[in-house]
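# Examination of the molecular architecture
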Amino acid sequence: MKKKETFVTANREYKDTMFRMIFREKRELLSLYNAVNNSDYQKEEDLQIVTLENAVYMNVKNDLAFLIDFHLHLYEHQSTYNPNMPLRDLFYVSREYQKLVEGRSVYVSSVVKIPAPRFITFYNGADHIPETVYLKLSDAYYIEEKEPALELRVTMLNLNTGNNRKLLESCRTLKEYMQYVERVRSYARQPDMTLETAVERAVDECINENILTDFLRKNRAEAIHMSIFEYDEEKELALMRKDEYNAGVEAGKKEGIKEGIKETVVRMLSAGTYSIEEIASISGLSVETVRTLEKEKMQSRK
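Along each chain, residues carry numbers from 1 onward, in the same order as the chain's sequence is written. Local features are withheld for residues below a pLDDT of 70 in this predicted model, meaning they are given only at 70 or higher, and side-chain atom pairs are given and counted only at 80 or more; totals for whole chains, interfaces and linings count all residues. For the side-chain quantities, the full set of heavy atoms in the structure was used; hydrogens and water were omitted.

### So, the overall build of the protein
- Along its length, the protein carries 10 helices and eight strands.
- Accessible area is worked out with a 1.4 Å probe on protein chains only. A residue is then buried under 20% of its type maximum, exposed over 50%, and partly exposed in between. Looking at the protein as a whole, 41% of its 302 residues are labelled buried.
- For the protein, contacts bridging at least 24 residues in sequence account for 61% of all contacts bridging at least 6. Only DSSP runs of H or I covering at least 4 residues are called helices, and only runs of E covering at least 2 are called strands; the numbering of each starts at the N terminus. Contacts are residue-level and defined by heavy atoms, with any inter-residue pair within 4.5 Å sufficient.

Take a look at the structure:
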């Protein structure tokens, strides 16, 4: 059966995501916080949302930031694995602290108190990763440091089937969100179904089966649009990573061939049978390159 043309395409200027839209509601965010921390806060006023709406870095928004229990929590959602979350969170938390101490002098003799930060990333991408992954800013340093002067640790929680069951059972909305995502992916993989049709089918079924029903009924058009965008973006990033890998392999092959030619030239120089011009002609290297290799060979003997 021929695939129908998809008329709804993802708007690349659209920055919001379903995860962010669902959990920016205080009631839902408090439920998610309780599930992550095994706590039982009931009053929504205990939680203060401080998400920086205009904090955009590399076209990625800070998803959720909030204050509760003298801590600053930064929650991110990722549908593709990203080892650079500590660096991104460093940018976000710096902006958060600047905002939180606005109007207060940091040059006074007393300590300016700030809430301790905690960083959580919720992952539901297609790559297979452990149930819990700890990403550290120091992993990105050129040189390994035993006691880094600056450290930032992100806890990445895998939400895919079979992972973090207790967390998903503790937060019904998070569990239903994952059920919806998995249904979209399942239908989108079917060769006779367009992405738009797959998303619409997932939305209809979830509404009928009491999965994110209230949210999907209220935000049906936006949910469909966001899901198409997110799935398209996920596929594009996967293709980019594949292209980068293939380019790396090809570069490695070329570098290997180049090194092999150089080794052959050095052996020909050692044999003393060929002139530099003859070696250049046979190897395809320039006369200058062959002369440079000869100098390097002579210096290595000293």
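Having seen it, we continue.
### Observations regarding the packing of aromatic side chains
- Side-chain rings of Phe, Tyr and Trp (the six-membered ring for Trp) are treated as a pair once their centres are within 6.5 Å; stacked means planes under 30 degrees apart, edge-to-face means over 60, and tilted covers the remaining angles. In the structure shown here, the tally under the stated rule is seven aromatic pairs.
- Between the aromatic rings of F19 and F23, the centroid separation amounts to 4.9 Å while the plane-to-plane angle is 45°, which identifies the pairing as tilted. On the criterion of helical spacing, the pair formed by F19 and F23 is a turn pair, its members being four residues apart in helix α1 (residues 18-23).
- A relative accessible area of 0% means that F19 is categorised as buried.

### Focus on the pattern of salt bridges
- A pairing counts as a salt bridge when a side-chain nitrogen of Lys or Arg comes within 4 Å of a carboxyl oxygen of Asp or Glu. The full count for this structure, using the stated rule, is seven salt bridges.
- Put simply, K175 and E169 hold a salt bridge, and the shortest N to O gap is 2.9 Å.
- Judged by its relative accessible area of 30%, K175 falls in the partly exposed class.
- Among the ionic pairs, D204 bridges to R220, the shortest N-O distance being 2.6 Å. On the criterion of sequence distance, the pair formed by D204 in helix α6 (residues 195-208) and R220 in helix α8 (residues 220-271) is long-range, its members being 16 residues apart.
- In this structure D204 comes out as partly exposed when scored by relative accessible area, which is 34%.
- Taken together, the shared-partner salt bridges connect R183, R201, E205 and E209 into one network.

### Thoughts on helix α9 (residues 276-283)
- Of the positions making up α9, those classed as buried are I276, I279, A280 and S283. Considered in projection along α9, the buried side chains sweep an arc of 100° and stay on one side of the axis. Along α9, exposed side chains directed more than 90 degrees from the buried face belong to S281 and I282.
- Where α9 ends, the next residue or the one after it, G284, has phi of about 85°, a positive value. Read the arc as the range of directions from the helix axis to the C-beta atoms.

### Brief notes about helix α3 (residues 85-100)
- With 16 residues, α3 extends 22 Å from end C-alpha to end C-alpha; this agrees with the ideal 22 Å at 1.5 Å per step.
- Residues of α3 that are buried: M85, P86, R88, D89, L90, Y92, V93, E96 and Y97. In this scheme, a helix's expected span is set at 1.5 Å multiplied by one less than its residue total.

### Points about the layout of surface pockets
- Size it by volume and the second largest pocket reaches roughly 490 Å³.
- Lining the second largest pocket are 18 residues, and of these E25, R27, E28, D214 and F215 sit closest to its centre.
- Split by residue class, the lining of the second largest pocket holds five nonpolar, five polar and eight charged. Definitions used for this entry: grid spacing 1 Å over protein atoms alone; cavity, a set of points where a 1.4 Å probe fits but cannot get out; pocket, an open set with protein on both sides within 12 Å along at least 5 of 7 lines; lining residue, one with an atom within 4 Å of a point. Grid points are joined across faces, edges and corners, and a volume is the space filled by probe spheres set on the points. Think of it as three bins: nonpolar holds Ala, Val, Leu, Ile, Met, Phe, Trp, Tyr, Cys and Pro, charged holds Asp, Glu, Lys and Arg, and polar takes everything else, Gly as well.

### What about a negative patch on the surface?
- On the surface, E25, E44, E45 and D46 cluster together to form a negatively charged patch.
- Take E44: it is sitting in the loop between α2 (26-37) and β1 (48-49). By definition, no residue in a patch forms a salt bridge, and every one has over 30% relative accessible area; like charges are joined within 9 Å, nonpolar side chains (Val, Leu, Ile, Met, Phe, Trp, Tyr) within 5 Å. Accessibility throughout is a Shrake-Rupley quantity obtained with a 1.4 Å probe, and a residue counts as covered only by protein chains that appear here. By the counting rule applied here, Lys and Arg register as positive and Asp and Glu as negative, while His and the ends of each chain are not counted. The atoms used to mark charge sites are NZ of Lys, CZ of Arg, CG of Asp and CD of Glu.

### Some words on the confidence of the model for the protein
- Scored by pLDDT, the protein comes out at a mean of 84, with 83% of its residues at no less than 70.
- The element-level mean pLDDT for the protein is lowest in strand β2 (residues 56-57), coming to 50, with strand β8 (residues 153-158) highest at 98.
- A residue's pLDDT is the confidence the predictor assigns to it, expressed on a 0 to 100 scale. Of the regions scoring below 50 in pLDDT, residues 1-14 engages in 26 contacts with residues more than four places distant in sequence or in other chains.
- Predicted confidence for residues 236-246 stays below pLDDT 50, and this span has four contacts to residues more than four positions away or in other chains.

### Describing the environment of A202
- Positionally, A202 belongs in helix α6.
- Residues A202 and S186, 16 residues apart in the sequence, show an inter-C-alpha distance of 9.3 Å.
- Setting aside its immediate chain neighbours within four residues, A202 contacts Y180, R183, V184 and Y187.

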